[in-house]
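One-letter residues, chain by chain:
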Amino acid sequence: MDLSIVDLAPIPEGGSATEAFDGTVERARQAERLGYSRFWVAEHHDFTQSIASTTPEALIPHVAAKTSEIRVGSGTVLLNHYSPYKVAETFSVLDALAPGRIDLGLGRATGNPTRDYALQVDRSERRRGGSDHREKIDEVAKHLFDGFEHDHPFSGLDLPRARDTVPEPWVLGSSPSSAKIAGELGLPYCFAAFIRPEPAVRAFEEYREHFQPSPYGAGPDEPHGMLAVNATCAETDDEAARLRATTEASSRLLRSGRMDRLPIRSVEEAIDVLGDVPEPTRLPIEPGEWPRAVSGSPETMQAILEELTDQVGVDEVIVQNQIADPENALRSHELLADAVGLSAR
């Protein structure tokens, strides 16, 4: 199994975005040493008091410059806010700076209405609704891979490029509709099980059912998928469940609209919100009944990840977590690497 990381650049208590980005680089360097395949950074425009990863196109070159082999990318670029040409242009430059190491995860999301409105250039209702998502993904890929017909007005647009490489585009989503888009466009697909886990199996079925190779070579010849999981690993199942409390408590507060209590800075605070320590993740995990977050010892996590990937038919996992203590987060990544047998670089 290949293993990767998507990072939120959490801001430490009493710290700033500067310290958050230092932590991101530390985790990226550790991931490279441990043999992780990819290190992606998120795009979040809400909760900026606790999450600094708002601008992956700025953070990616910093991380790439501080590492040497691991692929670095976006998890995700929120394409509903941006021009496809500008996204393609930006990531083509990033690939020229770090040839053969750049991934371009493309997705969409809405959040705080004021922030969403502020991000828009075209502030029409159609753009805010994201009804043109498929077309925008297709346009990004066509810019990157010279996929426009000769009589198309964009066919003459050039991008600054590396000599022999192109950013690897991915479609990211949490629904069968995003999976269908990825399949129809012939692009790799990453399903965000930490957002909406229930339709995971159906989404990958939809992806494979609709997959057709890109006519201009933007993606693989066969379906290629990756599963995104919120995963916490510790020496024992009980300790991993205790560390998972910050994820569970944050989710509960978000669902109840109690954003005034965010961010949660400690396991103790999380347990106070929940009223108790979360139960360890138990096997088997039935299709359609996946939890948003899983946890366990290395042995347990190996079994969990194997079960989830077997159900959806992929062999690559990208992990996210919201572990409060940075050292525990690094230890979790180390134990996960051991669990799936990564080969250290």
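Our subject is the structure listed above.
This write-up is about the structure you can find in this document.

1. What about unusual backbone geometry?
Here the bond from Leu-283 into Pro-284 is cis, since omega is 0°, no more than 30 degrees from zero. Its location among the elements puts Pro-284 in the loop between α11 (267-274) and β8 (293-296). Positioned with a positive phi, Ala-9 is a non-glycine residue whose angle comes to about 50°. Relative to the assigned elements, Ala-9 resides in the loop between β1 (2-7) and α1 (17-34). For Asp-146, which is not glycine, the phi dihedral falls at a positive 50°. Looking at where Asp-146 falls in the secondary structure, it is placed in the loop between α6 (133-145) and β5 (168-173). Classification of Asp-146 as exposed rests on a relative accessible area of 58%.

2. A few points about a positive patch on the surface
A cluster of basic residues, Arg-252, Arg-255, Arg-258 and Arg-292, forms a positive patch at the surface. Among the secondary structure elements, Arg-255 is positioned in helix α10 (residues 245-256).

3. A look at the pairing of strand β7 (residues 225-233)
Most of β7 is tucked away: nine of the nine residues are buried. Of the two faces of β7, the one lined by Gly-225, Leu-227, Val-229, Ala-231 and Cys-233 and the one lined by Met-226, Ala-228, Asn-230 and Thr-232 are each fully buried. Taken together, strand β6 (residues 189-192), helix α8 (residues 200-210) and β7 constitute a β-α-β crossover, and its handedness is right-handed. Strand direction decides the pairing type here: β7 and strand β9 (residues 316-320), joined by four bridges, are parallel. Paired with Leu-227 across the strands is Val-317, a residue of β9. Pairing of β7 with β8, which is carried by four bridges, proceeds in the parallel orientation. Following the sheet pairing, Asn-230 is matched in β8 by Ala-293.

Calculation notes
Residues numbered from 1 in each chain as written. Predicted model: local features only at pLDDT ≥ 70, side-chain atom pairs only at ≥ 80, totals over all residues. Heavy atoms only, no water. Helix = DSSP H or I, 4+ residues; strand = E, 2+ residues; numbered from the N terminus. Buried < 20%, exposed > 50% of the residue type's maximum accessible area, 1.4 Å probe, protein only. Patch = residues over 30% accessible without salt bridge, like charges linked within 9 Å, V, L, I, M, F, W, Y side chains within 5 Å. Areas by Shrake-Rupley, 256 points an atom, 1.4 Å probe, with all protein chains shown as cover. Salt bridge = Lys/Arg side-chain N within 4 Å of Asp/Glu carboxyl O. Lys, Arg positive; Asp, Glu negative; His and termini not counted. Charge placed at Lys NZ, Arg CZ, Asp CG, Glu CD. Right-handed = clockwise from strand over helix to strand, strands pointing away. Pairing = 2+ DSSP bridges.

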